[in-house]
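# Working through the structure, step by step
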Amino acid sequence: MQGSSLRRGSIAGLTAGSGSALPALLLVGLFFIVPVVALLLRSVTDPEPGLQNYAALFGSGTYVRVFLNTFLVAAVVTAVTILVAFPVAWMLAIMPPAYGSIVFGIIILSMWTNLLTRTYAWMVLLQRTGVINRTLMGLGIIQEPLPLINNLAGVTIGMVYIMLPFMILPLVGTLRAIDPMTLRAAALCGASPFQAFRRILLPLSLPGIAAGGLMVFVMSLGYFVTPALLGGTSNMMLAEMIAQTVQSLLNWGLGSAAAFVLLVITMALYALQLRLVGARRTGGGL
Amino acid sequence: MLLDYDRLGWLRVALVGFTAAVAAFLLLPVVFIVLLSFGSSRWLAFPPPGWTLKWYEQLFADPTWIDAALTSARIAAMSAVLAVVIGLFASFALVRGEFRGRQLLRGLLLTPMVLPVVVFAIAIYAFFLRIGLAGTTIGFVIAHTILALPFAIIPITAALEGFDKSIEDAAIVCGASPLQARLRITLPSIRIGIFSAAIFSFLASWDEVVVAIFMASPTLQTLPVKIWGSLRADLSPVVAAASSLLVGLTLCLMIVTALLRRKLSR
Amino acid sequence: MTRSFLSIRAVRKTFGAFVAVHDVTIEVPRGEFLTFLGPSGSGKSTTLYAIAGFQDPTSGDVLLEDKSLLAVPSHKRNIGMVFQRYTLFPNLSVAENVAFPLSVRRRPDAEVKRKVADMLALVRLENFADRHPGALSGGQQQRVALARALAYDPPILLMDEPLSALDKKLRQEIQAEIRRIHRETGVTILYVTHDQEEALHLSDRIALFKEGRIEQIGTGEDLYVRPASEFVAGFIGNSNFLPAEHLETAAGAATVRLADGSIVTGLTAAEAFSKGQKVRLMVRPEALSLAPGPASAALAVDIVDTAFFGDRRRVLARTASGDEIDVRPTSDTIDPAGAAAGSGQRIYFDPASAFLFPA
Ligand SMILES: Nc1ncnc2c1ncn2[C@@H]1O[C@H](COP(=O)(O)OP(=O)(O)O)[C@@H](O)[C@H]1O
Ligand SMILES: [Mg+2]
């Protein structure tokens, strides 16, 4: 790396300073790219060459339902996460740091706590006989326990819980980058708080909301643990289906095809997200 | 005025109340699980009929839990060291290098963070089955290093971008060799980034479930796999005890991080 | 004329134990261009914010046509403002920015359109209507901000150092536009700046702030010719200060002894001094000349340096006691013969144009 940056050749010019990336490149190439490509090839070669795995995937009502359910859950989780995260991020962006740091501490604690631990806690909390149902019944709000687990409600609560930090933290950055003077100017122009929110604050936060929301959506699409533990069998998600197809049914061809579909959707949305974030960066002064 | 905390009026009351509720929501499972682990009810009744340490006794009496924890620690430590070292070298290329495809390389090295883990898990599992690394510590470490690499590269490149290269050049002008300059000037300056990289890479491996579920063998189990198995079988309070210890570990990590950051940034 | 327009009455603002504004009281007649001038941190913005409603004063009151504004939220005060930082709405085009205050007031579309066109014409940006703020220069952005602030015909326009981020040439250009717009619209303007030249150029009256108080308020000429304190004299225009000892005051004319022993008589004293009190004599560089006038006092100096600027000459002189004096004779007093560097020379001034301040 030292030598190459000093060399002055046309080839050196193309590769100057790239040498030290070699170990990472080898590792990722050999143990990430190769296995993933091999898996994707398997989707068109296993058990025999052809597109029969994809035909099976899109031809079966069961699998199409899994796709639809995956999108539904990801969309609901993203929407709820945005609605919950925005006010929190807003307050964190302008709160006195003494209070704000307490909330930040709680967010970090929750984010760093083992994923299974958090999911386990929700499994216990949301059970038929769990604390939430008992509290609600004790307060007389409901007569019968609510079905909160092994269904969409359970998955949504558990996933929103996990995704919130990923939405709140970048949004705080977006909101802090907005000059409070702009909102004062809006007020002096005669805008009521609601008008200032709808016409200035919300549009100015939109790039952050879109980027964060897309990230949450992408992460939710491929999530495995929480849906598997909190969701029901009737609303299985794609990741769980892939794992099951490979692990229990040993149907590698079909599992690989489903993995490929998940990969393509994820990467396309990721590219879109990069573009959103990138546009915001190059937009600079905007 | 919407961004002036002092001038929000009644809106502030509503928003602060909402923020407090969300903070409580985020704290609830963590606190709950710790309380539960000391409860005496086998059926996880809450509030518990009495308080006990028996779940912790059962946990420590069961060698499979201890084994799983030690395995996890070993794999996470090795993965973190590898990820930080490889990530450090890669970061120099990504930040300082002037070659075509630098952005592409960055994208490539960060992809493992974006790709759904389940896709990578079955891919690497199939690959390791073929080359005989499935169910081995080496296989685990390789897979986890790949997953941890983005978490190492992001903070290190950020620190490196914030470091003024001319300081390193000044050291070289003063007679230090380029290597000496990097070791004695640059690395100490980006130590906060390296330290964050180490924490995040360790956590990335320590908490990893999906790859581990596929890779685990009856003789090689990480802690998350052990917990996963227990959760699928029943909701034993022993899991609550194990989980509480994990929460304790997280708290320790947070405190150490905060203290070290304060010390390092001085 | 019994009804006052804008009254700032004993406005006080504290942040914790720190008093940012001490009981500031000003009456502003309709149509006036009043400038708050003062060093950074002297409480100008804080006073302006109390009028805009961004901060509640700790005590005191702000009245517009005898009605208190304090209970009125900012968005109902109907006041225009241009800020130091660029505060155009980055998500809206230039025309939409100017239309914003009208559309939140739900004015009919036709009126909004006409008014936006008028305002853009007023600030000469007709051709930029569809641009976004990011694609404008700083000067253009501030002109749009001015158009936005005037679009709803507010009775009062507040401007908080609107030109401080611009370079000198652009600043002068927009100063001229602000003067023109003030003339054309007749709006009452409260303008904040820390630049005395800008204040002198623009204002009908200047309120000079120092550490949260108004040190002096009056026309630019008042402050220049009759400074109430050494601070005012030092802040407005250029001045030389010479340490001196007060000997006596008779019939309004004071006599002092300078540090080099020379006696100067016929001076204007800012207050009554006792015999032997230490004072400072202030004289403007342009009141000094190299040739004696009809009633002039003389100072024995060494000429250290001279520079010629075509229309004027600058001379740096030093007294025997080591005080440096900046001399800028006006054209009719230029005396080429006396301008050579050297010792044992004399400079002259009319004692009536000099002041005495307490040391
Ligand atoms: N929100 C605030 N909190 C604490 N001190 C403040 C605040 N706003 C202004 N100050 C202080 O009040 C004084 C006057 O500020 P300001 O009115 O902005 O001065 P100017 O506009 O004349 O430069 C300054 O010393 C400033 O530090
Ligand atoms: Mg100010």
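Look up a bit, the structure's there.
Just so we're clear, the structure is a prediction, and the values are computed from it rather than from any experiment.

Here we come to the site of ligand 1. Residues and elements named next belong to chain C. Around ligand 1, the neighbouring residues are Phe 15, Phe 18, Ala 20, Pro 39, Ser 40, Gly 41, Ser 42, Gly 43, Lys 44, Ser 45 and Thr 46. Between ligand 1 and Lys 44 there is a distance of 2.8 Å, counted from an oxygen atom to a side-chain nitrogen or oxygen. In this structure, Thr 46 approaches ligand 1 through a side-chain N or O atom, which is 2.5 Å from an oxygen atom. Protein chains bury 61% of the 560 Å² of accessible surface belonging to ligand 1 in isolation.

We now examine the packing of helix 6 (residues 137-161) of chain B against helix 9 (residues 191-206) of chain B. Helix packing for two helices is described by the angle between their axes and how far apart those axes are. All names here are of chain B. At a closest axis distance of 8 Å, the pairing of helix 6 and helix 9 adopts a crossing angle of 160°. By the criterion of interaxial angle, the relationship of helix 6 to helix 9 is roughly antiparallel. In terms of crossing hand, the pair formed by helix 6 and helix 9 is right-handed. Contacts between helix 6 and helix 9 involve His 144, Ala 148, Phe 151, Ala 152, Pro 155, Ile 156 and Ala 159 from the first element and Gly 193, Ile 194, Ser 196, Ala 197, Phe 200, Ser 201, Ala 204 and Ser 205 from the second. Its residues assigned to classes, the contact of helix 6 with helix 9 comprises ten nonpolar, five polar and no charged.

The omega torsion across Asp 46 of chain A and Pro 47 of chain A is 5°, close enough to zero to call that bond cis. Considering the arrangement of structural elements, one finds Pro 47 of chain A in the loop between helix 3 (22-42) and helix 4 (52-59). Cis geometry is found at the peptide bond from Phe 46 of chain B to Pro 47 of chain B, where omega equals -5°. As for its position among the elements, Pro 47 of chain B is in the loop between helix 1 (10-37) and helix 2 (54-61). Of note in this structure, Arg 106 of chain C is not a glycine but carries a positive phi near 55°. Considering the arrangement of structural elements, one finds Arg 106 of chain C in the loop between helix 2 (94-104) and helix 3 (109-122). Arg 106 of chain C sits in the exposed class, given a relative accessible area of 68%. The phi torsion at Arg 124 of chain C lies on the positive side, around 60°, for a residue other than glycine. Mapping Arg 124 of chain C onto the fold places it in the loop between helix 3 and helix 4 (138-150).

All names here are of chain C. All told, the structure shown has 25 salt bridges over all chains when counted by the stated rule. As a salt-bridge pair, Lys 115 and Asp 153 come within 3.0 Å of each other at their nearest N and O atoms. Placement of Lys 115 in helix 3 and of Asp 153 in the loop between helix 4 and strand 7 (156-160) is noted, with a sequence separation of 38 residues between them. For Asp 153, a relative accessible area of 52% translates into the label exposed. The salt bridge partner of Lys 169 is Glu 173, with a shortest N-O separation of 3.8 Å. In this pair, Lys 169 and Glu 173 both sit in helix 5 (residues 168-185), four residues apart, roughly one turn of the helix. Among the residues examined, Lys 169 registers a relative accessible area of 61% and is labelled exposed. For Glu 173, a relative accessible area of 39% gives the class partly exposed. Linked through salt bridges whose partners overlap, the residues forming this network are Arg 124, Arg 143, Glu 177, Arg 180 and Glu 184.

The subject of this paragraph is helix 11 (residues 223-233) of chain B. For helix 11 of chain B, a buried count of eight out of eleven residues is recorded, marking the element as mostly surrounded by other parts of the structure. Listed in full, the buried residues belonging to helix 11 of chain B are Leu 223, Pro 224, Val 225, Lys 226, Ile 227, Trp 228, Ser 230 and Leu 231 of chain B. In this structure, the buried side of helix 11 of chain B is in contact with helix 7 (115-126) and helix 12 (225-230) of chain A together with helix 3 (63-96), helix 9, helix 10 (210-215) and helix 12 (237-264) of chain B.

Rules and cut-offs
- Residues numbered from 1 in each chain as written.
- Chains lettered and ligands numbered in written order.
- Predicted model: local features only at pLDDT ≥ 70, side-chain atom pairs only at ≥ 80, totals over all residues.
- Heavy atoms only, no water.
- Near = heavy atom within 4 Å.
- Polar contact = N/O pair within 3.5 Å; in protein donor to acceptor, adjacent residues only side chain to side chain.
- Areas by Shrake-Rupley, 256 points an atom, 1.4 Å probe, with all protein chains shown as cover.
- Axes fitted to C-alpha atoms, helices over the stretch in contact; angles between N-to-C directions.
- Helix = DSSP H or I, 4+ residues; strand = E, 2+ residues; numbered from the N terminus.
- Parallel < 35°, antiparallel > 145°, perpendicular 65-115°, else oblique.
- Left-handed = near helix turned anticlockwise from the far one by under 90°.
- Contact = heavy atoms within 4.5 Å.
- Nonpolar A, V, L, I, M, F, W, Y, C, P; charged D, E, K, R; others polar.
- Buried < 20%, exposed > 50% of the residue type's maximum accessible area, 1.4 Å probe, protein only.
- Salt bridge = Lys/Arg side-chain N within 4 Å of Asp/Glu carboxyl O.

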